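# Observations on the model geometry
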Amino acid sequence: MDLNLNQGMDSLVARARQVFITMSPKGGGSSIISFTRRCNNITKVRQFGFIGNDDQKELLVGSMQGESIISSHVSKDTGLIRLAMYPSQKTLMIHIHREEGERVISAVKMISHHMCRMNYQGPLQYLYKPNPKGDCCQHVYNKTVITKNETHCILDAESMVDWIAKGHREVGGGAPKVLTCKLYDALQENAPQLVFLNYKQIDKLQTLLAKHHCPELLDELPIKINVADDKEQKIFLYDGNHEKGAVRIEEWLDAKGPVLEWALNLRSEASCQAKTIHMEDELFGCPDEALKVTPESIKKW
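Described below are features of the structure shown in this document. Computed from a predicted model, the values in this text were never measured in an experiment.

### Remarks on the pattern of salt bridges
Summed over all chains, the structure comprises 13 salt bridges. In this structure, the salt-bridge partner of Glu100 is Arg103, at a minimum N-O distance of 3.0 Å. Remark: Arg103 and Glu100 occur in helix H4 (residues 100-117); sequence separation between them is three residues, near one turn of the helix. Relative accessible area serves as the criterion here: at 1%, Arg103 is assigned to the buried category. Of the charged contacts, one joins Arg248 and Glu250 as a salt bridge, the two residues approaching to 3.2 Å between their closest N and O atoms. When its relative accessible area of 30% is taken as the criterion, Arg248 is described as partly exposed. Residues joined by salt bridges that share partners form a network here, namely Lys44, Arg46, Glu58 and Glu67.

### Things to note about unusual backbone geometry
A negative phi holds for most residues other than glycine; trans holds for most peptide bonds. Residue Pro222 is bonded to the preceding Leu221 through a cis peptide linkage, with omega at 0°. With respect to the helices and strands, Pro222 occurs in the loop between helix H8 (202-213) and strand S7 (234-238). Located in the positive-phi region is Lys26, a residue other than glycine, with phi close to 65°. Tracing the backbone shows Lys26 in the loop between strand S1 (18-23) and helix H2 (29-40).

### Let's talk about the nonpolar core
Looking at soluble globular proteins, one finds that nonpolar side chains tend to be buried together. Counting 29 residues, the largest nonpolar core has Met9, Ile21, Phe35, Ile96 and Leu205 as its most contacted members. The set of elements that each furnish at least two residues to this core consists of helix H1 (8-15), S1, H2, strand S3 (91-97), strand S6 (194-198) and H8. Excluding its chain neighbours within four sequence positions, the residues that come into contact with Ile96 are Ile21, Thr22, Met23, Ser24, Gly27, Ile32, Leu197, Asn198, Tyr199, Ile202 and Leu205. The next biggest cluster of nonpolar side chains, apart from the first, holds 26 residues, and it includes Phe20, Val74, Ala84 and Leu187.

### Here's the deal with H2
Its twelve residues place the ends of H2 16 Å apart at the C-alpha level, agreeing with the 16 Å of an ideal helix rising 1.5 Å per residue. Burial analysis of H2 places nine of its twelve residues in the buried class, which makes it a mostly covered element. Along H2, the residues that are buried comprise Gly29, Ser31, Ile32, Ile33, Ser34, Phe35, Thr36, Cys39 and Asn40. The first or second residue beyond H2 is Asn41, which carries a positive phi of 60°.

### A closer look at helix H7 (residues 181-190)
Along H7, the positions that sit buried rather than exposed are Leu183, Tyr184, Ala186 and Leu187. Here the buried residues of H7 occupy an arc of 160° about the axis, which is enough to place them on one side. The exposed set on the far side of H7, more than 90 degrees from its buried face, consists of Lys182 and Glu189. The inward-facing, buried residues of H7 contact helix H3 (78-84), helix H6 (175-178), S6, helix H10 (273-285) and helix H11 (295-300). One or two residues past the end of H7 sits Ala191, with phi positive at roughly 50°.

### Structural notes on the sheet that holds strand S4 (residues 145-148)
Sheet architecture is open: four strands sit in the order S4-S5-S7-S8, paired in mixed fashion. Two strands in the sheet have a free side with no partner beyond their single neighbour: S4 and strand S8 (247-248). Of the strand pairs in this sheet, S7 and S8 are connected by two bridges, and their pairing is antiparallel. By the bridge assignment, Phe236 is partnered in S8 with Arg248. Packing against the sheet, helix H5 (residues 157-165) makes contact with strand S5 (152-156) and S7, and its axis sits at approximately 75° to S5.

### A look at the state of the cysteines
Inspection of the entire model under this criterion finds three disulfides. Between the sulfur of Cys116 and that of Cys153 lies a disulfide, 1.9 Å long from S to S. Looking down the S-S bond of the Cys116 and Cys153 bridge, the torsion is -75°, so its handedness is left-handed. Placement of the pair is Cys116 in helix H4 and Cys153 in strand S5, with a sequence separation of 37 residues. Cys153 sits in the buried class, given a relative accessible area of 0%. Here Cys181 connects covalently by a disulfide to Cys272, the sulfurs 1.9 Å from one another. Torsion about the S-S bond of the Cys181 and Cys272 cystine: about 100°, corresponding to right-handed handedness.

Quick notes on the rules
- Counting restarts for each chain, with residues numbered from 1 along the sequence as it is written.
- Per-residue local features of the predicted model are confined to residues with pLDDT of at least 70, and side-chain atom pairs are confined, for both listing and counting, to 80 or more; whole-chain, interface and lining totals are unaffected and use all residues.
- Each side-chain value is derived from all of the structure's non-hydrogen atoms; neither hydrogens nor water enter the calculation.
- Think of a salt bridge as a Lys or Arg side-chain nitrogen and an Asp or Glu carboxyl oxygen that are within 4 Å of each other.
- The helix count covers DSSP runs of H or I at least four residues long, the strand count covers runs of E at least two residues long, and both are numbered beginning at the N terminus.
- In this scheme, a residue with accessible area under 20% of its type's maximum is buried, one over 50% is exposed, and one in between is partly exposed, where area comes from a 1.4 Å probe on protein chains only.
- The criterion is simple. A nonpolar core is a set of buried Ala, Val, Leu, Ile, Met, Phe, Trp, Tyr and Cys residues joined through side-chain atoms within 4.5 Å.
- In this description, contact between two residues means that some pair of their heavy atoms is separated by no more than 4.5 Å.
- Take the residue count of a helix, subtract one, and multiply by 1.5 Å to get its expected span.
- Here the arc refers to the set of directions running from the helix axis out to each C-beta atom.
- Following DSSP output, two strands are said to pair if at least two bridges run between them.
- For helices, the axis comes from a line fit to the C-alpha atoms of the stretch in contact; other axes are also lines fit to C-alpha atoms, and the angle between any two N-to-C directions lies between 0 and 180 degrees.
- By definition, disulfides here are pairs of cysteine sulfur atoms that lie within 2.5 Å.

Put into C-alpha cells, the structure is as follows:
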C-alpha cells in the first residue's frame, strides 16, 4: 500500500474511527506509543502489553474523552486474536513488523545498555562480594557486569548468553510468539481490516495518523524514542579468554548472530513460520513496505 498522503493507506486511516496499533518489542513501539499519547492528549503511561489484558474497562470509565488511536506492545498472540474477533469497517488494525533475527540482535544490544545503565545502590564493589548488610545492594545483574565507567562497560559473556536464553526483557515476545497459527486462523476466519507495516515506516505512519486525528502535531513530527545514540556507552563482552580479551558487543553479534536463535532455541514456541516468511516476502517487496491483509492472502501464504 502507498503511504503517501491522499493514497491507499491514507484512505483506510480516514475511514477508521478506531485505530489499533501493535508491535513486538524493538519494533518502533516506544516512538509510536509516545506519539499516540500526544495525539490523544493523555499523559497516562499504560502497562507494557496492556492490550493483551482481559479487562479493558478502564477505557470506558473515568473520562468522556475517547482514544481514537490505541497503541500497545504485544509479546504473545492473545491480544491480536481478541482484536481480530471484532472486525468492523470503522476499525483499523496496524501491526508493525520487524524481521525476527534483526529484532533479537537489536534487543540484545538494548538489554546490554540497560544492564550497564543501572543505578546501583552502594559502592560498585558490592556487586562482586556479599553485601555486608545482606540486603538491598546485591543487584540482579551482579554476575553480568564485570566493570564499567561513564564511557565503557564490560559484561560477562556467559552470563549475558544466559539472559538472552531466558528471553530477558525485549529479547522475548517476538514474531514466533505473536504471529502464530492461532492468530492466522483468527485473521482468516474474522477478516478484520489489518495492515502489516515495516517498522522503518513509522515516521510516515505518524504523518497519516496526525493528519486525521491530531493535525496540530504535524509540524512536530516525527516523534522518536529509544533511537540509538552514538554517545552511548561502548559495551564489551568478556568470556575469560585472556589472550583474546574483551570484544565489542557489535562484533560479537556480527559473528554469532546467524546462529544465536538456533543455539538458544529461541523459537521453541513458533508455529506457521512459513506464513510469516511469505508475508515478509510480500511486505518487504512493497515500495512503501505496507501490506493490507485479507483472508485470501493468508490462505495463499
